[in-house]
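# Examination of the molecular architecture
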Amino acid sequence: MTLTRSLDPDLVFAARLADAAWAAIHVHFRQLGSVDDKSAAASRAGFDPVTEADRAAETAMRALVAAERPGDGVTGEEFDDTPSETGYRWYFDPIDGTRAFVAGLPVWTTLIALVDPDGVPVIGVIDQPVVGERYLGWPGGARLDTASGSEPIRVSSCDDLRLATIATTDPFIFTPPEQGAWNHLRSTARITRYGLDAYGYARVAAGTIDLVAESGLKSWDVAALIPVVRGAGGLATDWRGNPPKLGGQIVCCSSQAVLDQALLALKRAAD
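Of all hydrophobic cores here, the largest spans 62 residues; its most connected members are Leu17, Trp90, Ile112, Ile126 and Tyr201. Per-element tally for this core: the top contributor is helix H1 (residues 8-25), with eight residues. Sequence-distant contacts of tyrosine 201, that is, excluding residues within four places in its chain, are made with Ile126, Val212, Glu214, Leu217, Leu225, Val229, Ile250 and Cys252. Listed in part, the 22 residues of the second largest apolar core include Cys158, Leu185, Ala213 and Leu263.

Mapping proline 176 onto the fold places it in helix H4 (residues 176-188). Sequence spacing of proline 176 and alanine 269 is 93 residues, and the spatial spacing of their C-alpha atoms is 8.8 Å.

This brings us to the pattern of salt bridges. Across all of its chains, the model carries eight salt bridges by this definition. With a closest N to O distance of 2.7 Å, arginine 162 and aspartate 160 form a salt bridge. Taking the relative accessible area as the measure of exposure, aspartate 160 reaches 12% and is therefore buried.

Under the definition given, this model contains nine aromatic pairs. Ring geometry for phenylalanine 13 and tryptophan 90: centres 5.4 Å apart, planes at 70°, overall edge-to-face. Of this pair, phenylalanine 13 sits in helix H1 while tryptophan 90 sits in strand E4 (residues 89-96); the two residues are 77 residues apart in sequence, bridging distant segments of the chain. Judged on exposure class, the residue phenylalanine 13 and its partner tryptophan 90 are both buried. Taking 6.1 Å as the distance between ring centres and 35° as the angle between the ring planes, the aromatic pair formed by tryptophan 22 and tryptophan 108 counts as tilted. Of this pair, tryptophan 22 sits in helix H1 while tryptophan 108 sits in the loop between helix H3 (98-102) and strand E5 (109-115), and the two are 86 residues apart along the sequence. Accessibility expressed as a relative area gives 26% for tryptophan 22, which makes it partly exposed. Each member of the aromatic cluster is reached from another via a ring pair, and the members are Trp22, Phe29, Phe101 and Trp108. For the cation-ring pair, arginine 69 lies above phenylalanine 13, with the distance from its terminal atom to the ring centre recorded as 4.3 Å.

Take the packing of H4 against helix H8 (residues 256-266) next. Across the interface, H4 lies against H8 with an axial gap of 8 Å and an inter-helix angle of 145°. Along this stretch, H4 crosses H8, giving a crossing that reads as right-handed. Contacts from Ala181, His184 and Leu185 in H4 reach Ala262, Ala265 and Leu266 in H8. A class-by-class count of the residues in the contact of H4 with H8 yields five nonpolar, one polar and no charged.

So, about the sheet that holds strand E3 (residues 73-76). Strand order in the open sheet formed by seven strands is E3-E4-E5-E6-E7-E8-E9, with mixed pairing between adjacent strands. What marks the edges here is a single partner per strand, and that holds for E3 and strand E9 (149-152). Within this sheet the neighbouring strands show an average axis-to-axis angle of 15°, counted without direction. In this sheet, strand E7 (residues 133-138) lies alongside strand E6 (residues 121-128) in antiparallel orientation, the contact comprising five bridges. Paired with isoleucine 126 across the two strands is tyrosine 135, which belongs to E7. Where H1 meets the sheet, its contacts fall on E4, E5, E6 and E7, and the angle it forms with E4 comes to roughly 30°. Those strands touched by helix H5 (residues 199-206) are E5, E6 and E7, and its axis lies near 70° from that of E7.

Basis of the calculations
- Residues numbered from 1 in each chain as written.
- Predicted model: local features only at pLDDT ≥ 70, side-chain atom pairs only at ≥ 80, totals over all residues.
- Heavy atoms only, no water.
- Core = buried A, V, L, I, M, F, W, Y, C linked by side-chain atoms within 4.5 Å.
- Buried < 20%, exposed > 50% of the residue type's maximum accessible area, 1.4 Å probe, protein only.
- Helix = DSSP H or I, 4+ residues; strand = E, 2+ residues; numbered from the N terminus.
- Contact = heavy atoms within 4.5 Å.
- Salt bridge = Lys/Arg side-chain N within 4 Å of Asp/Glu carboxyl O.
- Phe/Tyr/Trp six-rings, centres within 6.5 Å; stacked < 30°, edge-to-face > 60°.
- Lys NZ or Arg CZ within 6 Å of the ring centre and 35° of its normal.
- Axes fitted to C-alpha atoms, helices over the stretch in contact; angles between N-to-C directions.
- Left-handed = near helix turned anticlockwise from the far one by under 90°.
- Nonpolar A, V, L, I, M, F, W, Y, C, P; charged D, E, K, R; others polar.
- Pairing = 2+ DSSP bridges.

As structure tokens, then:
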């Protein structure tokens, strides 16, 4: 990992980006005028919603980068990439979990990441402003900011998949081999939860969920998750146990022991 600048100012800036996103989003939450479908005809996900809130939030964050980090690139879900002169790039998913947003459920999040010139995510933000929780991660640390203040967060001590709480957003968008691997994890784990999108990874970092495994992700879905989970002492890999790519299959968990047990199933369905 090549760090060519101090990350402290970027952590502060990342929190300001999250504030800007929420300022653009909050007027639309549970008050949507319309929902568009941006899915391709062959998409496994079927209806792929995008809203005026998604676009407004990403526009607000891009404007802030252009004004205060003009040399940094931007990759976001809703608009085209901008080039990077510094080698650093911001990744935005303004509303991760748009289906939850459309349904008025407070489990969507805003995802913000800074990726270094080596392509490694070094800052991650998972922001859930409705419940007032902002999870931040960086090399060597992670914290949760709430109205009550900031506190360090740490993954759980779980080291046995049979005792674990696990999650995935929607098992029905898995391929048949992936669904078979997930069913193995579900039948082994103690508790399984669905529909959390990136909020599930935040709770891995905070120690109440022990594993999340997902597939078919894009770069803006993944980049913010990795620093938060790793900063809290957790592990993030692909389904083969290799360093995660910015997209595709990912598994995040509390311990090497849980990861090793999960990979027995996941490797059979790995890309």
